[in-house]
Amino acid sequence: MHALSIPTWIIHISSVIEWIAAIWLIWIYGELTENRSWWGLSFAMLPALISAMCACTWHYFDNSESLEWLVTLQATMTLVGNFTLWAAAYIIWRSTKSASTIEAQSIKSEQ
């Protein structure tokens, strides 16, 4: 555990905790709004969480050469996470766009 300083460990661990909290809060938001596309965002955040956990694990074991595969896994999960987050954001955008179109049409028909 000597690979990182105490302040750096605090940042690493708090980032993982914050990411878990964000996943949970976004899931709750999806429930409250009854918009399942927000649940998709929660799932899309998981690869980035795995990436962060890989980094913490590798540093915990003093950047051991036998665990260098974690670095590759971290990079892969970061790449996958970027794409899943992009896809989830697009799906949310599309769902709000279609909802606003439906709302605009209903307002027009009322006039």
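Note: the structure precedes this text.
Residues numbered from 1 in each chain as written. Predicted model: local features only at pLDDT ≥ 70, side-chain atom pairs only at ≥ 80, totals over all residues. Heavy atoms only, no water.

**Q** When you look at the nonpolar core in this model, what are you seeing that I'm missing?
**A** If you look at soluble globular proteins, the nonpolar side chains tend to sit buried side by side. L4, W9, V16, I23, I26, L41, A44, M45, L49, C56, A88 and I92 form the largest nonpolar core, which has 12 residues in total. If you list the elements that add at least two residues to this core, you get α1 (6-33), α2 (37-44), α3 (46-60) and α4 (69-110). With four residues, α1 is the largest single contributor of residues to this core. Leave out the neighbours within four places in its chain, and I92 touches S37, W38 and L41. (Core = buried A, V, L, I, M, F, W, Y, C linked by side-chain atoms within 4.5 Å. Buried < 20%, exposed > 50% of the residue type's maximum accessible area, 1.4 Å probe, protein only. Helix = DSSP H or I, 4+ residues; strand = E, 2+ residues; numbered from the N terminus. Contact = heavy atoms within 4.5 Å.)

**Q** Looking at this model, I keep getting lost on the packing of aromatic side chains. Mind explaining?
**A** Aromatic ring pairs: the centre-centre distance and the angle between the two ring planes describe each pair. Scanning the model with the defined rule gives six aromatic pairs in all. Ring centres of Y60 and F61 lie 5.0 Å apart, and the angle between their planes is 90 degrees; this geometry places the pair in the edge-to-face category. Aromatic rings pair up to connect W27, W39 and F43 into one cluster. (Phe/Tyr/Trp six-rings, centres within 6.5 Å; stacked < 30°, edge-to-face > 60°.)

**Q** How should I be thinking about a nonpolar patch on the surface in this particular structure?
**A** A cluster of nonpolar side chains, W86, Y90, I91 and W93, forms an exposed patch at the surface whose accessible area comes to about 470 Å². With respect to the helices and strands, W86 occurs in helix α4. (Patch = residues over 30% accessible without salt bridge, like charges linked within 9 Å, V, L, I, M, F, W, Y side chains within 5 Å. Areas by Shrake-Rupley, 256 points an atom, 1.4 Å probe, with all protein chains shown as cover. Salt bridge = Lys/Arg side-chain N within 4 Å of Asp/Glu carboxyl O.)

**Q** Before we go on, may I ask you to explain α2 in this structure?
**A** One turn of an α-helix holds 3.6 residues; hence residues three or four places apart share an orientation. What α2 keeps buried is the set S37, L41, S42 and A44. Down the axis of α2, the smallest arc covering the buried residues is 165 degrees, so these residues share one side. (Arc of directions from axis to C-beta.)

**Q** Quick question: what am I supposed to make of the environment of G30 here?
**A** When you line up the elements, G30 lands in helix α1. Spatially, the C-alpha atom of G30 lies 9.0 Å from that of G40, the residues being 10 residues apart in sequence. Not counting the four nearest positions on each side in its chain, G30 is found in contact with N35, W38 and W39.

**Q** Explain the packing of α1 against α2 to me, please; I cannot follow it from the model alone.
**A** Geometrically, a packed helix pair is captured by the angle between its two axes and the distance between the axes. α2 packs onto α1 with a crossing angle of 170 degrees between their chain directions and a minimal axis gap of 7 Å. Put simply, α1 runs roughly antiparallel to α2. Pair α1 / α2 crosses with left-handed handedness. Counted together, I23, I26, W27, Y29, G30, E31 and T33 of α1 and W38, W39, L41, S42 and F43 of α2 form the full contact between these two elements. Split into classes, the residues belonging to the contact of α1 with α2 amount to eight nonpolar, three polar and one charged. (Axes fitted to C-alpha atoms, helices over the stretch in contact; angles between N-to-C directions. Parallel < 35°, antiparallel > 145°, perpendicular 65-115°, else oblique. Left-handed = near helix turned anticlockwise from the far one by under 90°. Nonpolar A, V, L, I, M, F, W, Y, C, P; charged D, E, K, R; others polar.)

**Q** Just to check I follow, could you spell out the state of the cysteines for this structure?
**A** For the structure on display, the rule yields zero disulfides. Free cysteine: C54, not disulfide-bonded; nearest cysteine sulfur from C56 at 9.6 Å. By relative accessible area, C54 is classed as buried at 5%. In this structure C56 comes out as buried when scored by relative accessible area, which is 12%. (Disulfide = S-S within 2.5 Å.)

Geometry only, nothing functional implied.
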